[in-house]
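Examination of the molecular architecture
If you want the building blocks of each chain, they are given just below.
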Amino acid sequence: MDSMGMTDKQFNGFVRFVLDDILEVLAKMSDSEEKTKLQKVADNLQKTLED
């Protein structure tokens with residue numbers, strides 16, 4: 001059975017989609033521990049795109 005995977009281009013598109021949504025949420029959040037953690041996730045996703 002063949003497994004269905006993603007190409008690099010598809011993966012980067014998915015990461016951009018998720019990152020965009022996270023950045024929208026961050027813009028609406030007040031400062032909190034949760035916002036700091038979510039910002040860290042956004043930073044890691046951005047680094048993934050840059051690699």
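In the block above lies the structure referred to throughout.
Residues numbered from 1 in each chain as written. Predicted model: local features only at pLDDT ≥ 70, side-chain atom pairs only at ≥ 80, totals over all residues. Heavy atoms only, no water.

Turning next to the nonpolar core. Ranked by size, the top nonpolar core spans 7 residues in total: Val-15, Leu-19, Ile-22, Leu-26, Ala-42, Leu-45 and Leu-49. For this core, the elements supplying multiple residues, two or more each, are α1 (8–28) and α2 (33–50). For this core, the leading source of residues is α1, giving 4 residues. Sequence-distant contacts of Ala-42, that is, excluding residues within four places in its chain, are made with Leu-19, Ile-22, Leu-23 and Leu-26. (Core = buried A, V, L, I, M, F, W, Y, C linked by side-chain atoms within 4.5 Å. Buried < 20%, exposed > 50% of the residue type's maximum accessible area, 1.4 Å probe, protein only. Helix = DSSP H or I, 4+ residues; strand = E, 2+ residues; numbered from the N terminus. Contact = heavy atoms within 4.5 Å.)

Here we come to a nonpolar patch on the surface. A surface patch of nonpolar side chains, amounting to about 310 Å² of accessible area, comprises Met-6, Phe-11 and Phe-14. Relative to the assigned elements, Met-6 resides in the segment before α1. (Patch = residues over 30% accessible without salt bridge, like charges linked within 9 Å, V, L, I, M, F, W, Y side chains within 5 Å. Areas by Shrake-Rupley, 256 points an atom, 1.4 Å probe, with all protein chains shown as cover. Salt bridge = Lys/Arg side-chain N within 4 Å of Asp/Glu carboxyl O.)

If you walk through the whole model with that rule in mind, you get 2 salt bridges. Across the pair Lys-35 and Asp-31 runs a salt bridge whose closest N-O atoms are separated by 3.8 Å. Using a relative accessible area of 19% as the deciding quantity, one classes Lys-35 as buried. Looking at Asp-31, the relative accessible area reads 71%, which means it is exposed. Linking Glu-33 and Lys-37 is a salt bridge whose minimum nitrogen-to-oxygen distance equals 3.3 Å. On the criterion of helical spacing, the pair formed by Glu-33 and Lys-37 is a turn pair, its members being 4 residues apart in helix α2. With respect to class, Glu-33 is no different from Lys-37; both count as exposed.

Here we come to α2. When the terminal C-alpha atoms of α2 are compared, their 26 Å separation across 18 residues agrees well with the 26 Å that a helix rising 1.5 Å per residue should span. If you follow the buried residues of α2, they end up packed against α1. (Expected span 1.5 Å × (residues − 1).)

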